[in-house]
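# Secondary and tertiary structure notes
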Amino acid sequence: MSTKHRIVDLSETQPNRRRGGDLRAMLTPTVVGATSGFMGLAIVEPGDRIGEHYHPYSEEFVYVVAGDLEVDLDGETHPIRTDQGLMIPPYVRHRFRNVGRTEARMVFHLGPLAPRPELGHVDTEETPAAEGTAAGRPSEPTGAVS
């Protein structure tokens, strides 16, 4: 059986700022034919955040490549720094804030996939970038942390 390989450059991805930050879904079912999950990069500027949400079907694995972040997990705040990782179980509400003075970069992977893409994330708060997305309602996945 032949496997098709595809290297994806960050410049090929479109920024998604709906939840705050700059979320880039890179290795997804659509782009590379992934069947078990998807991976991407979150870029968060100083003072910016990724709004609170949860994933009803997926675990989320995050690894901070650069910067100083805080993560709220079901309302409890924890620092997460460069070279630290975290696994967020399904249904755990979470948000990330850049509390440093430089851009933060965080790799994320979610798996398994939700039965349908629009069921993958449930937003639990409004963010300035949301512009009309109702909090607490399912929304399309961005590959976000999300």
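Residues numbered from 1 in each chain as written. Predicted model: local features only at pLDDT ≥ 70, side-chain atom pairs only at ≥ 80, totals over all residues. Heavy atoms only, no water.

## Section: the overall build of the protein chain
Defined as follows: Secondary structure elements follow DSSP: runs of H or I of four or more residues count as helices, runs of E of two or more count as strands, with numbering from the N terminus. Only protein chains enter the calculation, and the probe is 1.4 Å; a residue is then buried if its accessible area is under 20% of its type maximum, exposed if over 50%, and partly exposed in between. Note on definitions: a residue-residue contact is assigned when non-hydrogen atoms from the two residues lie within 4.5 Å. Areas reported here follow the Shrake-Rupley algorithm with a probe of radius 1.4 Å; residue values treat only the protein chains shown as occluding.
Within the protein chain, the secondary structure is distributed over one helix and eleven strands. Helices (α) and strands (β) of the protein chain occur, in sequence order from the N terminus, as β-α-β-β-β-β-β-β-β-β-β-β. Residues counted as buried form 40% of the 146 residues belonging to the protein chain. Looking at the protein chain alone, contacts between residues at least 24 apart form 66% of all its contacts between residues at least 6 apart. Summed over its atoms, the accessible surface of the protein chain is roughly 7,800 Å², and 52% of this surface lies on carbon and sulfur atoms.

## Re the nonpolar core
Formally: Among buried residues, the Ala, Val, Leu, Ile, Met, Phe, Trp, Tyr and Cys ones that are joined through side-chain atoms within 4.5 Å form a nonpolar core.
Counting 17 residues, the largest nonpolar core has Ile 50, Leu 69, Phe 96 and Met 106 as the members making the most contacts within it. Ranked by residues supplied to this core, first place goes to strand β9 (residues 104-111) with four residues. Aside from chain neighbours lying at most four places away, what touches Leu 69 is Val 44, Val 64, His 78, Pro 79, Ile 80, Arg 81, Arg 97, Asn 98, Val 99, Ala 104 and Met 106.

## A word on unusual backbone geometry
Glycine aside, negative phi is the norm for most residues, and most peptide bonds take the trans geometry. In this chain, Gly 111 is followed by Pro 112 through a cis amide linkage whose omega measures -5°. Relative to the assigned elements, Pro 112 resides in the loop between β9 and β10 (121-123). Phi at Asp 83 is positive, roughly 70°, even though this residue is not glycine. Structurally, Asp 83 can be placed in the loop between β6 (76-81) and β7 (85-88). Overall, Asp 83 belongs to the exposed group, its relative accessible area being 56%. Here the phi dihedral of Tyr 91 falls at roughly 70°; this positive angle occurs in a residue that is not glycine. Relative accessible area serves as the criterion here: at 53%, Tyr 91 is assigned to the exposed category.

## Considerations on the pattern of salt bridges
Any two side chains of opposite charge can pair, given that their charged atoms come close. Just so we agree on the cut-off: The term salt bridge refers to a side-chain nitrogen of Lys or Arg lying within 4 Å of a carboxyl oxygen of Asp or Glu.
Scanning the entire structure with this criterion turns up 15 salt bridges. Put simply, Asp 123 and Arg 19 hold a salt bridge, and the shortest N to O gap is 2.6 Å. Of this pair, Asp 123 sits in strand β10 while Arg 19 sits in the segment before β1 (22-27); the two residues are 104 residues apart in sequence, bridging distant segments of the chain. A relative accessible area of 6% means that Asp 123 is categorised as buried. Residue Arg 19 is classed as buried on the basis of its relative accessible area, which comes to 2%. Between Glu 52 and Arg 93 there is a salt bridge whose closest N-O contact spans 3.1 Å. With Glu 52 in strand β3 (residues 49-54) and Arg 93 in the loop between β7 and β8 (94-98), the pair connects residues that are 41 residues apart, well separated along the chain. The exposure class of Arg 93 is partly exposed, given its relative accessible area of 31%. Through salt bridges with shared partners, a single network forms among Arg 49, Glu 52, Glu 70, Asp 72, Asp 74, Arg 93, Arg 95, Arg 97 and Glu 125.

## Things to note about the side chain of Arg 24
Keep this limit in mind: We define a polar contact as two N or O atoms separated by no more than 3.5 Å, with the added condition that, inside protein, one atom must be a possible hydrogen donor and the other a possible acceptor, whereas residues neighbouring each other in sequence contribute only through side-chain atom pairs.
One can find Arg 24 in strand β1. Within polar-contact distance, the side chain of Arg 24 engages the backbone oxygen of Leu 10 at 3.4 Å. A polar contact is formed between the side chain of Arg 24 and the side chain of Thr 13, at a distance of 3.2 Å.

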